[in-house]
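Coordinate inspection notes
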Amino acid sequence: MALSRHASAGWVAAVLALVATVHYLQLPSGWLRQGVVHVAPDGFDGFVGQSRRFAVRTIQRAAQIAEPGETILIWPGIYRESVRLKRGGLPGRPLVLRAAVPGQAVISGGADPGVMAAWQWRPDGPRIWSTAVAWRVLGLRWNGVAAYRAGSLEQLRQICARPGAWPAFSSAERRLWLCLPGGESPRLEQLEVRRPMPARTRSGGHQVASLWIEAPHLEVRDLRFDFVVMAAIQLWHADHVLIEGNQFDTADVAINDNASLAQPRAIRIRHNLSSCFPLVEWGRSGWLSWKELYPYSNCSLVWLRGQDIEVDHNIILQAGDGIKLSPEGGSNRARQNLIVENTDDAFEFDGAARHLRVENNLIINPFVAFAISPVSSGPLTISNNIVLIPPRPPGLGYGVLLKLMGGPSRHVSLRRNLYMGYSLANGTADSPLTDMRIETNGFALLTPRDHGLAQADQIQWRANRYLGLSFERWRQALGDASLLTPVGGRPQPLGPVGPAWLDLKRDPAAAPLRRYRGSPWLLLR
């Protein structure tokens, strides 16, 4: 029997009233969802997310209503929001944030394109344009590629006039200047900028994050964090967190705890990819010097202290410092990571670094492979890693295996590593060493062993093998593994690294790997 028009309208009103009651009073709604909260760009935050059809619109709303053991399933699209997780899961019942289609749910720090549509550009010098803006712009992309952020308008004019210049910009509180070396004029469809940075609410460290975690027992899987404002994921007061299969683009630090009230515990960071392309390209082309690149950004995957931390099977491309790790306790490891091209340190240890093992990583073309700057406690064991530094443009320097500076360091050992590069270390006399052992490694060097190492007599050396390189053999060895056989050099496979869903041969995010694709050292899936 058909319902009357009035009865039908009554049912609709009742349903809407129920939805509104659930939304505004936040009544328990888990029984409707069967363990999954759906999020979609075309959703409605008045729903409870029980299906794709009744998805909520924002990840933040899903985080507010999700219960321990549920999965926040994020459907493809761009989410221009910052998410704060204050409720997590329970032991054995984690709260999971996961992309419904891996890699196609994007948490973006970019401004809405509609904001830029009203900008009025005017010429402001050779190849430079300017416009009034409502905020100081801290990040800009032109044709999908990050532009260099100059420290001042004067610097922008200087670097824009150089041969081989790339797009660059500078910004004040109410104005934006853009260098387009190709001579074209700004067009909205080619331009992206980061949205305004929120005001600081706490002291110390990174103040802004795409995902701010203040809860235990969480998993973050298969998401893309794009055009990140500062940190992609901030661990403020978190433990038992798994971060796996995500892609991070242009984050100052992808995963950070530097501002934490309490040290994070039991943090697993696996199979992610972090990239700050074209950071190294700017220097390789001869456009910018190392001194101009060094202060640009950390561009790190990880900056953590805490305890019981695992960082494994990640890919880090074109970073400043790749992994900054100095745990305070527990058992910690960083293994089987691929780190390709750094303007500073592939690994930096600038704290306790207690019970930390760094093993079976492949590092190609860093400025410094391992920065001991300083290690206050240890033991830090660096073993079975391969570090290959090919010749670099003179303005970028040639790089070293070790940096030993910043104060006293203790209880550090390097064992069974293979290193090819210009020099073994850069050390300063005001940073003494206690119980530092360098044993059974293979070194292929252009310079003598003690070159640049002020603390050579404070190190316990044993059973290391050395090979003196000519400049020509150094240049060839990245493509011919047999040249390093005298020091025990042989390629070793990393196994699967990076997100399982990412095609490393075709995806633009993995473009910096193509330069080394034919190298026998880069054995990937």
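Refer to the structure printed above.
1. With respect to the sheet that holds strand E10 (residues 145-146)
Picture the strands of a sheet paired through backbone hydrogen bonds; they go either parallel or antiparallel. As summarised here, the arrangement of the three strands in space is E10-E9-E14, forming an open sheet in which the pairing is antiparallel. For this open sheet the edge positions go to E10 and strand E14 (191-193), each flanked by a neighbour on one side alone. Examined bridge by bridge, strand E9 (residues 140-142) and E14 share three bridges and lie antiparallel to one another. Across the sheet, residue Leu140 finds its bridge partner in E14, namely Val193.

2. Quick look at the sheet that holds strand E12 (residues 168-171)
Within the open sheet, the five strands sit side by side as E7-E8-E13-E12-E11. Their pairing is mixed. Of all strands in the sheet, those with a lone pairing partner are strand E7 (122-123) and strand E11 (148-149), marking the two edges. As paired elements, strand E8 (residues 128-132) and strand E13 (residues 175-179) share five bridges and run antiparallel to each other. Within E13, the residue paired with Thr131 across the bridge is Leu176.

3. Some words on the pairing of strand E15 (residues 209-213)
Judged by how many residues are buried, E15 sits mostly within the fold: five of five residues are covered. With three bridges connecting them, strand E4 (residues 83-85) and E15 associate as parallel partners. From the neighbouring strand, Val83 faces E15, where its bridge partner is Leu211. Taken together, the four bridges between E15 and strand E18 (residues 231-235) define a ladder with parallel strand orientation.

4. Details of unusual backbone geometry
The step from Phe277 to Pro278 runs through a cis peptide bond, and the omega angle for that step is 10°. Residue position: Pro278 is located in the loop between strand E23 (273-275) and helix H6 (279-284). Each neighbour pair has its own omega, and for Ser373 with Pro374 the value is -15°, a cis peptide bond. Its place among the elements puts Pro374 in the loop between strand E33 (368-372) and strand E34 (380-383). Here Ala266, not a glycine, exhibits a phi torsion of approximately 55°, which is positive. With respect to the secondary-structure elements, Ala266 resides in strand E22 (residues 265-270). A positive phi angle is found at His355, which is not glycine, with a value near 45°.

5. Some points on the state of the cysteines
One way to say it: the disulfide is the covalent bond shared by the sulfur atoms of two cysteines. This structure, assessed with the given rule, holds two disulfides. At a sulfur-sulfur separation of 2.2 Å, the disulfide partner of Cys160 is Cys179. Where Cys160 bonds to Cys179 through sulfur, the torsion about that S-S bond is close to 85°, and the disulfide is right-handed. Remark: Cys179 occurs in strand E13 and Cys160 occurs in helix H5 (residues 153-160); sequence separation between them is 19 residues. The pair Cys160 / Cys179 is uniform in exposure class, with both members buried.

6. Some words on the side chain of Asp312
Following the sequence through the fold, Asp312 ends up in strand E25 (residues 307-312). A polar contact of 2.9 Å, which involves the side chain of Asp312, links it to the side chain of His313. Setting aside anything within four residues of it in sequence, one finds Asp312 in contact with Ile269, Arg270, His271, Arg333, Arg335, Gln336 and Asn337.

7. Notes on the pairing of strand E6 (residues 105-108)
Residues of E6 alternate between two faces, with Ala105 and Ile107 on one and Val106 and Ser108 on the opposite face, all of them buried. Across three bridges, the pairing between strand E3 (residues 77-79) and E6 is parallel. Counterpart to Ile78 in the pairing with E6 is Val106. Across three bridges, E6 lies against strand E17 (residues 224-226) in parallel orientation. In the sheet register, Ser108 faces E17, and the bridge partner there is Asp226.

8. Topic: the packing of aromatic side chains
Counted according to the given criterion, the structure contains 21 aromatic pairs. On the numbers, 5.1 Å between centres and 50° between planes, the contact of Tyr398 with Tyr422 is tilted. Of this pair, Tyr398 sits in the loop between strand E35 (386-388) and strand E36 (400-404) while Tyr422 sits in the loop between strand E38 (418-421) and strand E39 (423-427); the two residues are 24 residues apart in sequence, bridging distant segments of the chain. The positively charged end of Arg149 is found above the aromatic ring belonging to Tyr296, 4.9 Å away from the centroid. The lysine or arginine in question, Arg449, covers the ring of Trp461, its NZ or CZ lying 3.9 Å from the ring centre.

The rules behind these values
Residues numbered from 1 in each chain as written. Predicted model: local features only at pLDDT ≥ 70, side-chain atom pairs only at ≥ 80, totals over all residues. Heavy atoms only, no water. Pairing = 2+ DSSP bridges. Helix = DSSP H or I, 4+ residues; strand = E, 2+ residues; numbered from the N terminus. Buried < 20%, exposed > 50% of the residue type's maximum accessible area, 1.4 Å probe, protein only. Disulfide = S-S within 2.5 Å. Polar contact = N/O pair within 3.5 Å; in protein donor to acceptor, adjacent residues only side chain to side chain. Contact = heavy atoms within 4.5 Å. Phe/Tyr/Trp six-rings, centres within 6.5 Å; stacked < 30°, edge-to-face > 60°. Lys NZ or Arg CZ within 6 Å of the ring centre and 35° of its normal.

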